[in-house]
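Understanding the architecture of this molecule
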Amino acid sequence: MDLLTERKPKLSERVANAIREQVLKGEIQPGQKLPTESRMSEFFGVSRTVVREAIATLAADGLVEPRQGAGVFVMDHPTLAFGSISLDVGNKISHALNVIEVRMGLEIESAGLAALRRNSAQEAQIQEAFFEFDRLLERGEATGRSDFAFHRAIAAATNNPYYVEVLDALGLRAIPCDVASPWGTESVLSREYQESLQREHLAILKAISESDPEAARAAMRAHLAASQERYRVRLSGQQAAWGAAKRSV
């Protein structure tokens with residue numbers, strides 16, 4: 001068996017990733033103090049040495065700041081491991097296109113690697129995110145978090161932590177089909193639009209489950225290319241409207 005297939009995250013990586021995810025989800029707010037080392041050790045079921053390693057990783061990433069005698073605090077403007085990637089990408093459609101372009105460079109290959117390297121637990125995480133999207137859609141609730149969870153679970157299934165870190169740096173604003181996104185509109189939030197996303201997600205999930213890396217890459221490429229085209233159409237329409245408005249002045 002390929003050694004890459006057998007690689008498992010270190011305990012400190014698992015703790016660091018869990019804390020990172022809580023920050024990105026807003027469960028731990030900027031400026032908030034993290035629990036004590038002993039409490040985190042008990043909560044995660046690991047040694048205090050593991051917790052210290054996790055905190056050192058997050059501090060190096062710019063996500064938290066240890067303050068002598070006071071504790072560890074979440075940074076007001078976390079940079080994660082890729083400080084040059086802003087978490088506040090603005091609300092222009094052109095920014096959405098830039099994000100999708102980055103995601104294409106990242107996620108097409110991550111889908112292929114996930115098809116080769118994922119274990120049963122990681123495959124279950126991808127499936128759970130897929131079905132959670134369905135559940136939220138049926139209830140008429142925002143699906144952005146489950147959409148992001150689907151893509152993040154695929155990144156995690158590569159067993160290369162940097163795929164997850166880059167995707168985390170982009171965050172939920174990389175997902176347009178949610179009311180929290182600056183790019184959400186009635187057309188983007190429509191049931192028809194989101195059902196089309198699920199059909200694309202299903203093709204990706206099926207290829208990963210069948211251990212077919214080329215099909216997984218092709219399905220992810222088709223999924224992101226479709227989103228890219230939708231935003232290009234919207235951008236062209238927006239530019240045409242601006243041009244008409246200027247001519248009427």
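About the thresholds
- Residues numbered from 1 in each chain as written.
- Predicted model: local features only at pLDDT ≥ 70, side-chain atom pairs only at ≥ 80, totals over all residues.
- Heavy atoms only, no water.
- Phe/Tyr/Trp six-rings, centres within 6.5 Å; stacked < 30°, edge-to-face > 60°.
- Buried < 20%, exposed > 50% of the residue type's maximum accessible area, 1.4 Å probe, protein only.
- Helix = DSSP H or I, 4+ residues; strand = E, 2+ residues; numbered from the N terminus.
- Expected span 1.5 Å × (residues − 1).
- Polar contact = N/O pair within 3.5 Å; in protein donor to acceptor, adjacent residues only side chain to side chain.
- pLDDT = per-residue confidence, 0-100.
- Contact = heavy atoms within 4.5 Å.
- Core = buried A, V, L, I, M, F, W, Y, C linked by side-chain atoms within 4.5 Å.
- Axes fitted to C-alpha atoms, helices over the stretch in contact; angles between N-to-C directions.
- Parallel < 35°, antiparallel > 145°, perpendicular 65-115°, else oblique.
- Pairing = 2+ DSSP bridges.

**Some words on the packing of aromatic side chains**
Tallied over the full model, the rule gives three aromatic pairs. Between F43 and F44 the ring centres are 5.0 Å apart and the planes differ by 85 degrees, which places this aromatic pair in the edge-to-face class. On the accessibility criterion, F43 (64% relative accessible area) is exposed. Chaining the aromatic ring pairs together yields one cluster made of F130, F131 and F150.

**Quick notes on helix α9 (residues 191-209)**
Counted at 1.5 Å a residue, the expected span for α9 with its 19 residues is 27 Å, and the 26 Å between its end C-alpha atoms agrees. Those residues of α9 that fall on the buried side of the exposure criterion are Y193, Q194, S196, L197, Q198, E200, H201, I204, L205, A207 and I208. Just downstream of α9, S211 is the residue with a positive phi angle, here 55 degrees.

**Structural notes on the side chain of Q194**
As for its placement among the helices and strands, Q194 is situated in helix α9. Side-chain polar atoms of Q194 contact the side chain of T143, separated by 2.4 Å.

**What to know about the confidence of the model for the chain**
Scored by pLDDT, the chain comes out at a mean of 79, with 76% of its residues at no less than 70. When mean pLDDT is compared element by element in the chain, helix α6 (residues 120-138) scores highest at 94, while helix α1 (residues 3-6) scores lowest at 41. Contacts from residues 1-7, a stretch scored under 50 in pLDDT, to residues over four places away or in other chains number nine contacts. Here residues 178-187 scores under 50 on pLDDT; set against residues more than four positions off or in separate chains, the count is 29 contacts.

**Focus on the environment of A215**
Within the element layout of this structure, A215 appears in helix α10 (residues 213-248). Remark: the alpha-carbon pair of A215 and G112, spanning 103 residues in sequence, is separated by 7.8 Å.

**What to know about the side chain of R152**
Position of R152 relative to the elements: it lies in helix α7 (residues 144-156). Contact partners of R152, with chain neighbours within four places excluded, come to N17, E21, V164, L167 and D168.

**Some words on the nonpolar core**
Proteins that are soluble and globular tend to have nonpolar side chains buried together. Residues I126, F150, I154, I204, I208, A216 and M220 are the most contacted members of the largest nonpolar core, which totals 24 residues. At the level of secondary structure, the elements contributing two or more residues to this core comprise α5 (93-117), α6, α7, α9 and α10. It is α5 that contributes the most residues to this core, eight residues altogether. In contact with F150, not counting residues within four places along its chain, are I126, A129, F130, H201, I204 and L205. V15, V51, I55 and V64 belong to the second-largest nonpolar core, a separate cluster that totals 17 residues.

**Some remarks on the packing of α6 against α7**
When two helices pack together, their arrangement is given by the angle between the helix axes and the distance between those axes. It is the contact of α6 with α7, at a shortest axis distance of 8 Å, that shows an interaxial angle of 170 degrees. One finds that α6 runs roughly antiparallel with respect to α7. Across from Q122, Q125, I126, A129, F130, E132, F133 and L136 in α6, the residues of α7 making contact are S146, D147, A149, F150, A153, I154 and A156.

**Thoughts on the pairing of strand β2 (residues 71-74)**
Two elements, strand β1 (residues 64-67) and β2, share four bridges in a ladder whose sense is antiparallel. Residue pairing across strands places R67 opposite G71, the latter belonging to β2. Adjacent in sequence and paired antiparallel, β1 and β2 are bridged by three residues, among which G69 carries a positive phi angle near 80 degrees.

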